[in-house]
Amino acid sequence: MVPALIALLAVAAAMVPGQPATAVDPVRSAPAAAAPAAAAPAPDASAAVPQDPAADELIRRYAPVVRLREQLEPCGDGEPYHPVDVDVLMDNDGVALRGPWTSNDLVDIGPGADDLGRGLLEYHLDFPGDALAPGCGYETWARQISEGTAPMMYGRVAGDPARPRQLAVQYWFFYVFNDFNNLHEGDWEMIQVNFDAPDAAAALETDPTEVGYSQHAGAERAEWGAHKLEVVDGTHPVVYPAEGSHANFFTDALYLGASSATGVGCDDTTGPHLQLRPRLAAVPTDAADYQAGFPWLGFEGRWGERQDAFYNGPTGPNMKTQWTAPIRWSESSWRNASATVPLGASLGPSATDAFCDVVEEASNLLRQLVRNPAAVLAALVALLVVILLIASRTSWTPAEPYPVAARRTWGRILVAARRMYARHPVLFLGIGMVYLPVMALAAGLQWVLVEAGELSSLVDTDGDQNAATVFVVVLAGGAISLLAYFCVLAAVSRALVDLDAGRRVTVGSAYRAAGARLRPLVLVALRLVVVIWALLLFVFTVPLALIYAVRNGFAVQAVMMEDRGTGRGANDAFRRSRDVVRGQWWRATAVAALVVGLGAIAGPLVGIVLLLVSDGSFDLINLISAAVYVAAMPYVALVLGYLYLDLSVRSAETEGARTERGRPPAGVSSPR
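Model, not experiment: these values are computed from the prediction.

Reading the values: the criteria
Residues numbered from 1 in each chain as written. Predicted model: local features only at pLDDT ≥ 70, side-chain atom pairs only at ≥ 80, totals over all residues. Heavy atoms only, no water. Core = buried A, V, L, I, M, F, W, Y, C linked by side-chain atoms within 4.5 Å. Buried < 20%, exposed > 50% of the residue type's maximum accessible area, 1.4 Å probe, protein only. Helix = DSSP H or I, 4+ residues; strand = E, 2+ residues; numbered from the N terminus. Contact = heavy atoms within 4.5 Å. Phe/Tyr/Trp six-rings, centres within 6.5 Å; stacked < 30°, edge-to-face > 60°. Patch = residues over 30% accessible without salt bridge, like charges linked within 9 Å, V, L, I, M, F, W, Y side chains within 5 Å. Areas by Shrake-Rupley, 256 points an atom, 1.4 Å probe, with all protein chains shown as cover. Salt bridge = Lys/Arg side-chain N within 4 Å of Asp/Glu carboxyl O. pLDDT = per-residue confidence, 0-100. Disulfide = S-S within 2.5 Å. Arc of directions from axis to C-beta. Axes fitted to C-alpha atoms, helices over the stretch in contact; angles between N-to-C directions. Parallel < 35°, antiparallel > 145°, perpendicular 65-115°, else oblique. Nonpolar A, V, L, I, M, F, W, Y, C, P; charged D, E, K, R; others polar. 1 Å grid on protein atoms, 1.4 Å probe; cavity = no way out; pocket = protein on both sides within 12 Å on 5 of 7 lines; lining within 4 Å. Points joined across faces, edges and corners; volume = space filled by probe spheres on them. Pairing = 2+ DSSP bridges.

Q: Where do I start with the nonpolar core in this structure?
A: Note on soluble globular proteins: their nonpolar side chains tend to be buried together. Leu-58, Leu-89, Tyr-171, Trp-296 and Trp-303 are the most contacted members of the largest nonpolar core, which has 74 residues in total. For this core, the element with the most residues is strand S7 (residues 167-178), which contributes nine residues. Ignoring anything within four residues of it in the chain, the contact list for Leu-89 reads Val-95, Pro-111, Phe-127, Trp-141, Ile-145, Phe-174 and Trp-303. Listed in part, the 71 residues of the second largest apolar core include Ala-484, Val-497, Val-550 and Val-636.

In structure tokens, the structure reads:
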């Protein structure tokens, strides 16, 4: 079956990540009490610590403007957490200090700044709530403790001993909770402005060279003056924190992350926005000075409750590489662009939500595994039992691969395909090798257009142009992958027939046979893709897409195994597909959906695992996924070939029975 089902899956995959960057909605300034509207935020009066006047002026000059996704009602859509004054946590009875020995060793309630200044390596601050089941509790608590205070950011000038001729100005933000796929209490984010200057006085005489915005475990850079960098009043960069994660971006869009550096999931910075100009606390550069004014900056523990893996509370600014080596950090960790999620409302309003929900639900399952492993494991065992019960309802043997045209149970179809594969592994792996150059080409397109270092500067990847660029990459990659699938399906189908006839089959002969039938194959592929894509545009026509895919999805096998469509056009191949499926739609659907689904997710599943357990590049992971397809997709094509012949035999038997009862046959042609 189913280039159609693969087409359905591939088209859906191309549609799924998708929403172009929206235009910036009219920005509403925060109330004056919450965010002073001064062009340059004044330093916080509490930071009465000796500071170089030039450093003070430099920090004020480049203080950023923050645009959060506006929350119109409590606990509703939008960003509920504003960057808070860390002092609201100090001496707060809702905050517990726990030791590093186990998760519940209570050391103090309401620790003060001086308590944290003692270091306390690997201790944890614990806020009221459960990070793995946050509900609306953290949002309510954050609103209570920050009532009457203004949003706050902490600015500092930082040198790098290894880069004495360069300087960085950093702005740090603290959020009470990180409400992203990696839920955790506490969240430190920052942006950094770099200068080619040895000190603050010299930096005041020149423009910055570049700006970096922290995003999950990495950061994105922009040259000063770049199109994507929005600047207010000539010097104040605009930052768009993503809802929940607070990863900082240069524009309002929906961003796709698929690594530890970019986060796994969708970062949303779209409008409407609430504009903040947080109060600015100037933090001295030297440790003795900043700990005198901000003792909590000496804390070496975690700013959130203890949890496993990435649910653990984060360390503070003073424990991060960029605190002491800001220029080297920018050289090694900043990338040139972030990928926006392509496609959007033009191809269905729920497409973007569908992709983001899949990622979110996967993270929810992982969170439940961490929170309650026994229950999750029990559910998985129950699922395994169901699968075994279903598997026991079919016969698996005998399942000889010859003759290929025979009536088989679905279990025997799977085994026969496996045995045929095992007898000719070089042949079928060779046929599947087409996926390697295809995936390399798709990965190359992504690298050149989206992530290619200096090459990316040749392409405008900001805002709507970014969305359009990534859309082109994804669409081209999807089309190339779909073409590779049709090639594999056609070559395997013909190889199966020729092997049954005792002919010598090579990779070259299989593809030459497909080339000899190129015209009907192209017509079949185009018709399947276009019709299924059109039916997927609307929610109410999605069932029709499935029905159409199953009924017409064996047209490729009809062309390659029975030479249908070579004389009378593609209509003959589609008619043959509908004939063999008639009366057997559920059987065809179940078997094809099982094997196509497993084959389609094999590569991405391996890729997701690699993304979770390693920091491999997109290019390398794409190539590894391609290698999985090299092995998996020929097997999928074998199963579909056996299934088509099984359906043909059953259809012929049904027509024969009708003929014996005096009813005219429907023109069945036996497999050749």
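Q: So what exactly am I meant to see when it comes to the packing of aromatic side chains here?
A: Each aromatic ring pair is described using two quantities: the centre-to-centre distance and the angle formed by the ring planes. Taken as a whole and assessed by the stated rule, the structure comprises 27 aromatic pairs. With a centroid separation of 5.6 Å and an interplanar angle of 80 degrees, the aromatic rings of Phe-299 and Trp-303 are classed as edge-to-face. For the pair formed by Phe-299 and Trp-303, the shared burial category is buried. Taken together, a centroid distance of 5.4 Å and an interplanar angle of 70 degrees make the contact between Trp-396 and Trp-410 edge-to-face. Taken as a pair, Trp-396 in the loop between helix H10 (373-391) and helix H11 (410-423) and Trp-410 in helix H11 lie far apart in primary sequence, 14 residues in all. Judged by its relative accessible area of 33%, Trp-396 falls in the partly exposed class.

Q: In this structure, what is going on with a nonpolar patch on the surface? I would like to understand it.
A: Residues Leu-377, Leu-380, Leu-383, Leu-384, Ile-387 and Leu-388 make up a contiguous nonpolar surface patch of about 570 Å² in total accessible area. Counting through the fold element by element, Leu-377 comes out in helix H10. In this structure Leu-377 comes out as partly exposed when scored by relative accessible area, which is 47%.

Q: It is not clear to me how the pattern of salt bridges should be interpreted in this structure. Could you clarify?
A: Pairing is possible between side chains of opposite charge, provided their charged atoms come close. According to the stated counting rule, one finds 25 salt bridges in the structure shown. As a salt-bridge pair, Glu-139 and Arg-143 come within 2.7 Å of each other at their nearest N and O atoms. On the criterion of helical spacing, the pair formed by Glu-139 and Arg-143 is a turn pair, its members being four residues apart in helix H4 (residues 137-145). The partly exposed category is assigned to Arg-143, whose relative accessible area is 37%. Asp-498 is the partner of Arg-503 in a salt bridge, and the nearest nitrogen-oxygen pair spans 2.8 Å. Overall, Arg-503 belongs to the partly exposed group, its relative accessible area being 43%. Residue classification places Asp-498 among the buried residues on the basis of a relative accessible area of 12%. Put simply, Glu-562, Arg-564, Asp-572, Arg-575 and Arg-576 are held in one network by salt bridges that share partners.

Q: I keep staring at the environment of Phe-195 and nothing clicks. Help me out?
A: Note on placement: Phe-195 falls in strand S8 (residues 184-195). Owing to a relative accessible area of 0%, Phe-195 belongs among the buried residues under this scheme.

Q: What should I look at first to understand the confidence of the model for the chain in this one?
A: Low-pLDDT portions of the prediction should not be read for the details of their coordinates. Averaged over every residue, the pLDDT of the chain is 80; residues scoring 70 or more account for 74%. Low pLDDT, under 50, characterises residues 342-355; the stretch is placed with 35 contacts to residues that sit more than four places away or in other chains. When the criterion is pLDDT under 50, residues 452-467 qualifies, and its contacts beyond four places in sequence or with other chains add up to 32 contacts.

Q: Can you help me understand the state of the cysteines in this one?
A: In a disulfide, the sulfur atoms of two cysteines are held together by a covalent bond. The full count for this structure, using the stated rule, is one disulfide. Cys-75 shares a disulfide with Cys-136; S-S distance 1.5 Å. Across the S-S bond linking Cys-75 and Cys-136, the dihedral sits near -60 degrees, which makes this disulfide left-handed. In this pair, Cys-75 sits in the loop between strand S2 (65-69) and strand S3 (96-98) while Cys-136 sits in the loop between strand S5 (124-126) and H4, placing the two residues 61 residues apart along the sequence. For Cys-136, a relative accessible area of 25% puts it in the partly exposed group.

Q: Explain H4 here, please?
A: The α-helix advances 3.6 residues per turn, and as a result positions three or four apart in sequence lie on the same side. Where H4 is concerned, the buried positions are Tyr-138, Glu-139, Trp-141, Ala-142 and Ile-145. Buried residues of H4, viewed axially, fall in a sector of 165 degrees; they line one side. Looking at the buried residues of H4, the elements they touch are S7 and S8.

Q: How should I be thinking about the packing of helix H16 (residues 518-535) against helix H18 (residues 555-562) in this particular structure?
A: Two quantities define a packed helix pair, namely the angle between the axes and the distance from one axis to the other. Two elements in contact, H16 and H18, have axes whose closest approach is 9 Å; the angle formed by their N-to-C orientations is 170 degrees. The angle between H16 and H18 falls in the class roughly antiparallel. In this structure, H16 uses Pro-520, Leu-521 and Val-524 to contact H18, whose residues at the interface are Ala-555, Val-556, Val-559 and Met-560. Across the contact of H16 with H18, the residue classes tally to seven nonpolar, no polar and no charged.

Q: Would you mind showing me how to read the packing of H11 against helix H12 (residues 425-432) here?
A: Where H11 contacts H12, the two axes come as close as 5 Å, and the packing angle between them is 95 degrees. The angle between the axes of H11 and H12 places the two elements in the roughly perpendicular class. Note on element contacts: H12 touches H11 through Pro-425, Phe-428 and Leu-429, opposite Met-420, Tyr-421, Ala-422 and Arg-423. Here the residues of the contact of H11 with H12 are counted per class, giving six nonpolar, no polar and one charged.

Q: What is the right way to look at empty space enclosed by the protein in this model?
A: The gaps left among the atoms become clear once a water-sized probe is rolled over them. By the definition in use, this model includes three cavities of 30 Å³ or more. Estimates place the volume of the second largest cavity at around 50 Å³. Taken together, Tyr-154, Gly-155, Arg-156, Trp-172, Trp-188, Val-283, Trp-296, Leu-297, Pro-317 and Trp-323 make up the full set of residues lining the second largest cavity. For the lining of the second largest cavity, the element with the most residues is strand S6 (residues 152-159), which contributes three residues. Looking at the lining of the second largest cavity residue by residue, the classes come out as eight nonpolar, one polar and one charged.

Q: Can you walk me through the sheet that holds strand S18 (residues 334-335) in this structure?
A: Each strand in a sheet pairs with another by means of backbone hydrogen bonds, the pair being arranged parallel or else antiparallel. One open sheet accounts for seven strands, arranged S17-S6-S7-S8-S9-S10-S18; its pairing is mixed. Edge positions in the sheet fall to strand S17 (279-282) and S18, since each of these pairs with one other strand and no more. Direction of pairing for S7 relative to S8: antiparallel, over a ladder of eleven bridges. Among the inter-strand pairings, Ala-168 is bridged to a residue of S8, identified as Asn-194. In this fold helix H8 (residues 326-333) packs onto S6, S7, S8, strand S9 (210-215), strand S10 (218-223) and S18, with an angle of close to 100 degrees to the strand it touches most, S8.

Q: Just checking my understanding: could you explain the sheet that holds S5 for this structure?
A: Spatial ordering of the open sheet is given by S4-S3-S5, a layout of three strands whose pairing is antiparallel. Both outer strands of the open sheet, strand S4 (106-109) and S5, are each paired with one neighbouring strand and no more. Taken pair by pair, the neighbouring strands of this sheet meet at an average axis angle of 30 degrees, ignoring direction. Here S3 pairs with S4 via three bridges, running antiparallel. Within S4, the residue paired with Arg-98 across the bridge is Leu-106.

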